[in-house]
Amino acid sequence: IIKANSENTSTWKKFVSSLHPTLSNQRPYIQITYNDSPTACSQVVSGATYYLKNYNSEYLDVYNAGTTDNTSLLTYAFHGDVNQQFKITNVYGGEYEIAPQHTTGKVLSVNSNGQVIIESDCNIDSQRWYIFCRNGNYHIVNKAYNSGVMAPTYDTDYVSINNAYEYCCW
């Protein structure tokens, strides 16, 4: 698409040919801007530990305080144990790692079924998250499934990723 600097007027736009002999400073050009990662969420303090409460007032919780790979996450009433505490660390730009505090070497990830689990940190896209603040709520988006937002599945209370942003507030 070729687009003018300002698209908010109703006047027509014109472009100078790349072959124009005297108006070389008005020749069209193509500018490509890459956005590999969003900027860091200014409301999140990197390296801090958080309780993550959803819009239904339940908290992100590692099931049965499990410590093995593929342990599921769910939402549960607040009890304050360390399996409800998560350290959020900015690893690059707007990419975050979310680590449960009841075990070491594990991070939140997404398996092939779209379920949020813990597993050993392998520095892969399914273990990286973007965090967006909107209207006082946070949306946690998985890098590997960039349209998938972390959300509880209310028939089971397990946490998965889906596209229903209105139910994915933390």
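Below is a short write-up of the structure.

About the thresholds
Each chain carries its own residue numbering, running from 1 in the direction its sequence is written. Whole-chain, interface and lining totals are the exception, using all residues; otherwise, since this is a predicted model, local features are given only for residues with pLDDT of at least 70 and side-chain atom pairs are given and counted only at 80 or more. Computation of side-chain values: all heavy atoms of the structure, hydrogens and water removed. Note on conventions: DSSP H or I runs of at least 4 residues are helices, E runs of at least 2 residues are strands, and numbering of each starts at the N terminus. Remark: exposure states derive from per-residue accessible area (1.4 Å probe, protein chains only) relative to the maximum for the residue type, with buried under 20%, exposed over 50%, and partly exposed in between. Any two residues having at least one pair of non-hydrogen atoms within 4.5 Å are treated as being in contact. Only the protein chains shown count as cover for residues, with accessible areas throughout obtained via the Shrake-Rupley method and a probe of 1.4 Å. Two strands make a pair as long as DSSP finds a minimum of two bridges between them. Simply put, an axis is a line fit to the C-alpha atoms, just over the touching stretch for a helix, and the angle between two N-to-C directions goes from 0 to 180 degrees.

**Quick notes on the overall build of the chain**
Here comes step 1: Secondary structure summary: the chain contains 0 helices and 11 strands in total.
Here comes step 2: When each of the 170 residues of the chain is scored for burial, the buried share is 37%.
Here comes step 3: Partitioning the contacts of the chain with sequence separation of at least 6, the portion at a separation of at least 24 is 47%.
Here comes step 4: For the chain, the exposed area adds up to about 10,400 Å²; of that, 49% sits on carbon and sulfur atoms.

**Overview of the sheet that holds strand 7 (residues 116-120)**
Here comes step 1: The sheet built from 4 strands is open, its strands ordered 2-3-7-6 with antiparallel pairing. In this open sheet, the two edge strands, each paired with only one partner strand, are strand 2 (59-62) and strand 6 (106-110). Put simply, the sheet's adjacent strands are angled 40° from each other on average, direction ignored.
Here comes step 2: Across 4 bridges, the pairing between strand 2 and strand 3 (residues 71-76) is antiparallel. For Y59, the partnering residue across the bridge sits in strand 3 and is Y76.

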